[in-house]
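If you want the building blocks of each chain, they are given just below.
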Amino acid sequence: MTRERFISEVRACQGRLRRFLTSLCGDPALADDLAQEALVRAYVNSGRFIGNFKAWVFRIGYNCFIDNLRRVHEPSTTMDSPEVMHVAAATSSDEAFRHEELQRALVLIPEKERTAIVLHYFEDLPIKEIASIMQISSGTVKYYLSVGRDHLKQHIRL
Amino acid sequence: MKDIEQFLRENAPEMPDEGQFMIETNARLNDVEGIKKTVDGERRRGRIALIIALLTGLVIGCMLTLLVLFFPADSLQADSSAFLKAFESLQSNKEILFGVIAILAIALGVVFLPNRRRAM
């Protein structure tokens, strides 16, 4: 893959990749760092790439997120965590409040459930593609979606 | 169930602006490309040096083999006993010489193999 083609593919999917990573880690700056790390890894291995570029980059991004969790020994996020407080402090309207409430709830559920929820509902990806990104079976994705929804309900007032 | 699904779909975060991100990504890719070029150059130089060494060994080995096969030690009228001794020992150990040539040929094949794979 040439540099130009790589850049044009990146341009097409960078927004969704960053939104995905921001939803996973709850911190836009960290998400951008992870996205760039993922894109560098993708670029280094772009010679070996065949298939769906977006799914491939999402998988690398997800792996970067997991690596980062392992590096920092995932801090247990609570309602009092700085990122949650930061999001809550910016409340200005109903819509903004709902976004913040959702982001706050997302960081409270386990990382695999969060990933399945974000990919399915925010990125609108089919179960099969989510399974390939998370490198698990379709059945397990469905399980994480179901359990994740139940967990989210405990933190969101509908 | 529908409520939470609807809530999630309706409240998907907006996509962030491209803004500074692509500029920073491009800068990082430039850095990576520079490192990649340096590493590739070093690998290429190392490979060329290895191939030259192997080819030199192969050519010298073949020449020695021909010498051993076409000029038996008895027919040589050399005054230098050291040269004669070396030649005799080469003749008596020609299996080792052939073995070394075979190993060099295999090594050359192995060195060229990754290139062929990459080309595919």
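Basis of the calculations
- Residues numbered from 1 in each chain as written.
- Chains lettered and ligands numbered in written order.
- Predicted model: local features only at pLDDT ≥ 70, side-chain atom pairs only at ≥ 80, totals over all residues.
- Helix = DSSP H or I, 4+ residues; strand = E, 2+ residues; numbered from the N terminus.
- Buried ≥ 20, exposed ≤ 12 C-beta atoms within 10 Å, placed from the backbone.
- Contact = placed C-beta atoms within 7 Å.
- Nonpolar A, V, L, I, M, F, W, Y, C, P; charged D, E, K, R; others polar.
- pLDDT = per-residue confidence, 0-100.
- Core = buried A, V, L, I, M, F, W, Y, C linked by C-beta atoms within 7 Å.
- Expected span 1.5 Å × (residues − 1).
- Arc of directions from axis to C-beta.

Topic: the overall build of chain B
So, point 1. When you go through chain B residue by residue, the secondary structure sums to four helices and zero strands.
So, point 2. Buried residues in chain B amount to 4% of all 120 residues.
So, point 3. Here the analysis covers contacts within chain B between residues at least 6 apart in sequence; of these, 71% occur between residues at least 24 apart.

Re the interface of chain A and chain B
So, point 1. The interface of chain A with chain B comprises 27 residues on the first partner and 19 residues on the second.
So, point 2. Those elements that place two or more of their residues in the side of chain A that touches chain B are helix 1 (3–25), helix 2 (28–44), helix 5 (94–106), helix 6 (111–122) and helix 8 (138–155) of chain A.
So, point 3. When residues in the side of chain A that touches chain B are grouped by element, the largest group, nine residues, is from helix 1 of chain A.
So, point 4. Looking at the side of chain A that touches chain B, its residues break down into 13 nonpolar, six polar and eight charged.

Some details on the environment of Met134 of chain A
Residue and element names in this part refer to chain A.
So, point 1. The topology assignment puts Met134 in helix 7 (residues 127–134).
So, point 2. When the C-alpha atoms of Met134 and Phe58 are compared, they prove to be 9.1 Å apart, with 76 residues separating the residues in sequence.
So, point 3. Residue contacts for Met134: discarding those within four places in its chain leaves Tyr62, Thr115, Ala116 and Val141.

As for the confidence of the model for chain B
So, point 1. Residues of chain B with pLDDT of at least 70 account for 84%, and the chain-wide mean is 79.
So, point 2. Confidence, read as mean pLDDT per element, is least for helix 4 (residues 94–119) of chain B in chain B (74) and greatest for helix 2 (residues 19–70) of chain B (87).

Details of the nonpolar core
So, point 1. Ranked by size, the top nonpolar core spans 41 residues in total, and within it Leu21, Leu34, Ala38 and Val57 of chain A carry the most contacts.
So, point 2. At the level of elements, helix 1, helix 2, helix 3 (53–72), helix 5, helix 6, helix 7 and helix 8 of chain A together with helix 1 (2–10) of chain B are the ones that each hand at least two residues to this core.
So, point 3. Ala38 of chain A has contacts with Leu17, Val57, Ile60, Gly61 and Cys64 of chain A, leaving out every residue within four places of it along the chain.

Quick look at helix 8 of chain A
Residues and elements named next belong to chain A.
So, point 1. Counted at 1.5 Å a residue, the expected span for helix 8 with its 18 residues is 26 Å, and the 26 Å between its end C-alpha atoms agrees.
So, point 2. Regarding helix 8, the residues found buried are Val141, Tyr144, Gly148, Arg149 and Leu152. Take helix 8 and look down its axis: the buried residues cluster within an arc of 135°, on one side only. Opposite the buried face of helix 8, by more than 90 degrees, sit the exposed residues Gly139 and Gln154.

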